[in-house]
Amino acid sequence: MSEASNRPAPPEVDRRAASQAAVAARRARAAVKAAIAARELSPLTVLDRATADPEGVEGRLRVTEFLLSVPAIGTTKMEEALKRLSISPAKRLGGLGRHQRLRLRQFLIERENRSERQRNRLVVLAGPTAVGKGTVSTYIRENYPDVLLSVSATTRKPRPGEVDGVNYYFVDDAEFDRMIEGGELLEYATVHNAYRYGTPRAPIEKALAEGRSVLLEIDLQGARQVRRSMPEARLIFLLPPTWEELVRRLIGRGTEDQAEQQRRLETAKVELAAQDEFDYRVVNHDVATAAREVVDLMKVRAAPSRP
Ligand SMILES: Nc1ncnc2c1ncn2[C@@H]1O[C@H](COP(=O)(O)OP(=O)(O)OP(=O)(O)O)[C@@H](O)[C@H]1O
Ligand SMILES: Nc1nc2c(ncn2[C@@H]2O[C@H](COP(=O)(O)O)[C@@H](O)[C@H]2O)c(=O)[nH]1
């Protein structure tokens, strides 16, 4: 018989206290992992805490669960990383050797630098007709100067008040064809079965190279094309508070005749059904709030408030 089984069972209160402590420790570790996943806590801070206190909450985290809580690290990446860093999956953060810890640290720093460079630079704002994409985008252009609002080319005619080069580049079909053939468009589509719209590539590439954030206000087909060609882009779907409000906004805008309104509402149903393809959804109850939510997702600074 083993020595352990000879020992008298611990009193009931001790067992209960031990099990309560285990539950509390598990909860504390889960909270740390959730904070890393929500980007509220840097993985580097967690690693530093584990080093300072190997028996503390962070030190007791298994290296596998730690890595899996880092955004964009899944099982495959985690396993590859551990192999590359020569760290056993059985290890806890507090039990890493000095060299293992330094290698893990370097790995996390490189990841952070990489995601910093790529962070939320290209953002697509899509949504059904008349939800307020144009209104919200204009608000962002006027209040958040760090964001470049892409100006699309279109074959539709200008509405009263629209300015060439500001709202759109208004071009004819031949010019639009030329832009496609010249590879000048990042994406393009025929929208509402009517006119063609496309995003000029050059200004976007220039802005991204300069480290500026870029906002594209385009339709669902265009959003899908951007997702394919630039998977790092963040896709936001703007929603109306209700379907009735969407219809009210479309009719209230008064820029389309009844047939065109009908056509746009048909497209709207298709677009609403695709909202789950997007990374985020923002409800446009109020323009300033919706704009702030969009820029929060881009992480850019606001313009200094005007006197
Ligand atoms: N939060 C809001 N509350 C009330 N009205 C709004 C709001 N946002 C936009 N609107 C109004 O709704 C109408 C449609 O807005 P807008 O033209 O910006 O829509 P859109 O999504 O760009 O449409 P489309 O895709 O057809 O170009 C406009 O009259 C605008 O003033
Ligand atoms: N795929 C693209 N869609 C675009 C682009 N620019 C605008 N749009 C979308 O077209 C509709 C209609 O716009 P409107 O100004 O005629 O009301 C709207 O949904 C826009 O988002 C583009 O470059 N590519």
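This one's a predicted model, so the numbers in the text were calculated from it and none came from an experiment.

## Side note on the packing of helix 7 (residues 133–143) against helix 13 (residues 287–298)
- One can describe the packing of helix 7 onto helix 13 by two numbers: an axis separation of 9 Å at closest approach and a directional angle of 70°. Taken together, the axis directions place helix 7 and helix 13 in an arrangement best described as roughly perpendicular. The way helix 7 lies across helix 13 gives a crossing that is right-handed. Packed against helix 7, whose contacting residues are T135, V136, Y139, I140 and N143, the element helix 13 presents V287, A288, A290, A291, V294 and V295 at the interface.
- In the contact of helix 7 with helix 13, the residues fall into 9 nonpolar, 2 polar and no charged.

## Considering the nonpolar core
- Ranked by internal contacts, the top residues of the largest apolar core, which has 37 residues, are V124, L125, I140, I236, L238 and V294.
- Grouped together as the second largest cluster of nonpolar side chains are 15 residues, V32, L67, V70 and L93 included.

## Focus: the sheet that holds strand 5 (residues 185–191)
- Overall, mixed pairing links the 4 strands, which are arranged 4-3-6-5 in an open sheet. The strands lining the two open edges of the sheet, one partner per strand, are strand 4 (168–170) and strand 5. Direction aside, neighbouring strands of the sheet carry axes that sit 25° apart on average.
- Taken together, the 2 bridges between strand 3 (residues 152–154) and strand 6 (residues 195–200) define a ladder with antiparallel strand orientation. Residue pairing in the sheet places A153 in a bridge with G198 of strand 6.
- Contacting strand 5 and strand 6, helix 9 (residues 201–209) crosses the sheet at an angle of about 30° to strand 6.

## Concerning the confidence of the model for the protein chain
- Per-residue confidence for the protein chain gives a mean pLDDT of 89; residues scoring 70 or more make up 92%.
- When pLDDT is averaged over each element of the protein chain, strand 3 comes out on top at 98 and helix 1 (residues 3–6) at the bottom at 53.
- Scored as a whole, the predicted complex attains pTM 0.67, and scored at its interfaces, ipTM 0.97.

Cut-offs and rules
- Residues numbered from 1 in each chain as written.
- Chains lettered and ligands numbered in written order.
- Predicted model: local features only at pLDDT ≥ 70, side-chain atom pairs only at ≥ 80, totals over all residues.
- Axes fitted to C-alpha atoms, helices over the stretch in contact; angles between N-to-C directions.
- Helix = DSSP H or I, 4+ residues; strand = E, 2+ residues; numbered from the N terminus.
- Parallel < 35°, antiparallel > 145°, perpendicular 65-115°, else oblique.
- Left-handed = near helix turned anticlockwise from the far one by under 90°.
- Contact = placed C-beta atoms within 7 Å.
- Nonpolar A, V, L, I, M, F, W, Y, C, P; charged D, E, K, R; others polar.
- Core = buried A, V, L, I, M, F, W, Y, C linked by C-beta atoms within 7 Å.
- Buried ≥ 20, exposed ≤ 12 C-beta atoms within 10 Å, placed from the backbone.
- Pairing = 2+ DSSP bridges.
- pLDDT = per-residue confidence, 0-100.

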